[in-house]
Amino acid sequence: MQKAHAPQSICLLRLSALGDVTHVLPLVHTLRTGLPGVELTWIIGKGERRLLDGLPGVRFVEYDKKTGLAGMRALRRELGQRFDALLQLQVSARANLLSAFVPARRRIGYDRSRSKEGHGLFVNERIPDRPGIHVLDAIGSFCEPLGLVRDEIVWDLPVPDEAHAWARAQWDDDGRRTLMISPCSSHALRNWRAERYAALADHAIAQGWRIVLCGGRSELERSTGDAILAAMAAREGVLDLIGKDTLKQLPALLARADLLVTPDSGPMHIANAMGTKVLGLHAATNPNRSGPYSDRRYCVDRYDDAARKYRGKPASALKWGTKIEAEGVMDLIAVEDAVAAFERYVSEAR
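Think of each chain on its own: its residues are numbered from 1, step by step along the sequence as written. Given that the model is predicted, a residue must reach a pLDDT of at least 70 before its local features are reported, and side-chain atom pairs must reach 80 or more before they are shown or counted; all residues, however, enter totals for whole chains, interfaces and linings. Only heavy atoms go into the side-chain values, all of them from the structure, while hydrogens and water stay out.

Peer 1: Explain the pattern of salt bridges here, please?
Peer 2: Side-chain pairs of opposite charge can arise where the charged atoms are in close proximity. A side-chain nitrogen of Lys or Arg and a carboxyl oxygen of Asp or Glu constitute a salt bridge if their distance falls within 4 Å. Under the criterion given, the structure shown has 21 salt bridges. Salt-bridge contacts for Asp 226 lead to Arg 222; the nearest nitrogen and oxygen are separated by 2.9 Å. Linking Asp 226 with Arg 222, this pair stays in helix H8 (residues 219-231), spanning 4 residues, or about one helical turn. A residue is classified by how much of its surface remains accessible, and Arg 222, at 27% relative accessible area, is partly exposed. Connected through salt bridges with shared partners, the residues Lys 277, Asp 295, Arg 297 and Glu 348 form a single ionic network. Secondary structure elements are defined from DSSP: runs of H or I of at least 4 residues count as helices, runs of E of at least 2 residues count as strands, and each element is numbered from the N terminus. Only protein chains enter the accessibility calculation, which uses a 1.4 Å probe; a residue is then buried when its area is under 20% of its type maximum, exposed when over 50%, and partly exposed in between.

Here it is as structure tokens:
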């Protein structure tokens, strides 16, 4: 039975990005199961809303960062209520300022070690300070000031049947395993070289695997896909779906892969939420903080090498969450590293 002092209305503020909003889904599940009947409102970005549209029990309110202060004032009018609690899940300066336009009695934010951009000025409660945990676990901690404990990880990413039907239509179930390549992060310095993706793809094709390229409609994603194809020794068995899916179709597409290779990116975390194994390419970011949550066995981890080369100290001496987005950092990941991770998946999946 819900306690009398339990919140009846909660506002979550997390605008972006695709991977990060995916990390919020287990928290939503915990709130809905632990507080039956609670009204959940989520302030979110437009693209992220498209990915999550249809999530049961959640009212979405979009904020477009281009609208500035005028958009913040309009959002306050659209909210039309005072919340029992605000969960301030983002620490950027814009998100912190936006949170001031959300009327709420309890304003729960990150612990001091994760705070930045004036975050502490906009909250009156904080989550427990637990160093060295994954982003998803930090977000999951927001249920604790509300008297809840997260005891399971449930994503329930809303994917319509027609999206799964579209994904099934892209290739036949002919017994071949599928290596999907999503080559681009929105942070360009996290991206691997096209010729190295091509070498990994050639290795997989030689073992009878199908290769599927996926990505959005940006010029960078299209040019990267073209460069991968141009560098491959043989393009037979390659399906190029870059720019051909929607955000609703992307999770269904990722779910059809046996293994996804990608840098730290939205598709990494969406694939993980859909149950697909991920060969993550990590040098600019720490896989223990932001890698695929459920299974990091197949990640290539050169983060410590990057810390020593670009920061002059081991990763253990860096502040948790430090990103090393330097020119050439992803070159620390050799083709042999990715091939070894691929072979590890092959041997364990038999």
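Peer 1: Explain unusual backbone geometry to me, please; I cannot follow it from the model alone.
Peer 2: Glycine aside, residues mostly have negative phi angles, and peptide bonds mostly take the trans form. Look at the link from Ser 16 to Ala 17: it is a cis peptide, with omega at -5°. Notably, Glu 117 is not glycine yet its phi reads approximately 55°, a positive angle. The topology assignment puts Glu 117 in the loop between strand E5 (104-109) and strand E6 (125-126). Although it is not a glycine, Asp 156 adopts a positive phi angle of roughly 50°. With respect to the helices and strands, Asp 156 occurs in the loop between helix H5 (135-140) and helix H6 (161-168).

Peer 1: I keep staring at the pairing of strand E1 (residues 9-13) and nothing clicks. Help me out?
Peer 2: Most of E1 sits inside the fold, with 5 of its 5 residues counted as buried. Every second residue of E1 is oriented toward a common face, with Ser 9, Cys 11 and Leu 13 on one face and Ile 10 and Leu 12 on the other, all of them buried. Two strands form a pair only when DSSP identifies at least two bridges running between them. Pairing analysis gives 5 bridges linking E1 to strand E2 (residues 39-44), with the strands arranged parallel. Each bridged residue has a counterpart across the sheet, and for Ile 10 the counterpart in E2 is Leu 40.

Peer 1: How should the side chain of Gln 249 be read in this particular structure?
Peer 2: Inspection of the secondary structure assignment puts Gln 249 in helix H9 (residues 249-255). Residue classification places Gln 249 among the buried positions, given a relative accessible area of 15%. What qualifies as a polar contact is a pair of N or O atoms within 3.5 Å, subject to a donor-acceptor requirement within protein and to the restriction that residues adjacent in sequence count only when both atoms come from side chains. A distance of 3.0 Å separates a polar atom in the side chain of Gln 249 from the backbone nitrogen of Thr 246. Residues in contact with Gln 249, not counting those within four places in the same chain, are Ala 163, Trp 166 and Lys 244. Here, two residues are considered to be in contact whenever any of their heavy atoms come within 4.5 Å of each other.

Peer 1: How do you make sense of the packing of helix H7 (residues 194-206) against helix H13 (residues 335-349) when you look at a structure like this?
Peer 2: The description of two packed helices rests on the angle between their axes and on the distance between the axes. Only the stretch in contact is used when a helix axis is fitted, and all axes are lines through C-alpha atoms; the angle between N-to-C directions ranges over 0 to 180 degrees. Two elements in contact, H7 and H13, have axes whose closest approach is 9 Å; the angle formed by their N-to-C orientations is 35°. Crossing hand, H7 versus H13: right-handed. Residues Arg 196, Ala 199, Leu 200, His 203 and Ala 204 of H7 touch H13, and the partners they reach there are Val 335, Ala 338, Val 339, Phe 342 and Glu 343. The residue classification treats Ala, Val, Leu, Ile, Met, Phe, Trp, Tyr, Cys and Pro as nonpolar and Asp, Glu, Lys and Arg as charged. All others, Gly included, are polar. Taken together, the residues of the contact of H7 with H13 sort by class into 7 nonpolar, 1 polar and 2 charged. Note on convention: the crossing is left-handed when the near helix lies turned anticlockwise from the far helix by less than a right angle, right-handed when the turn is clockwise.

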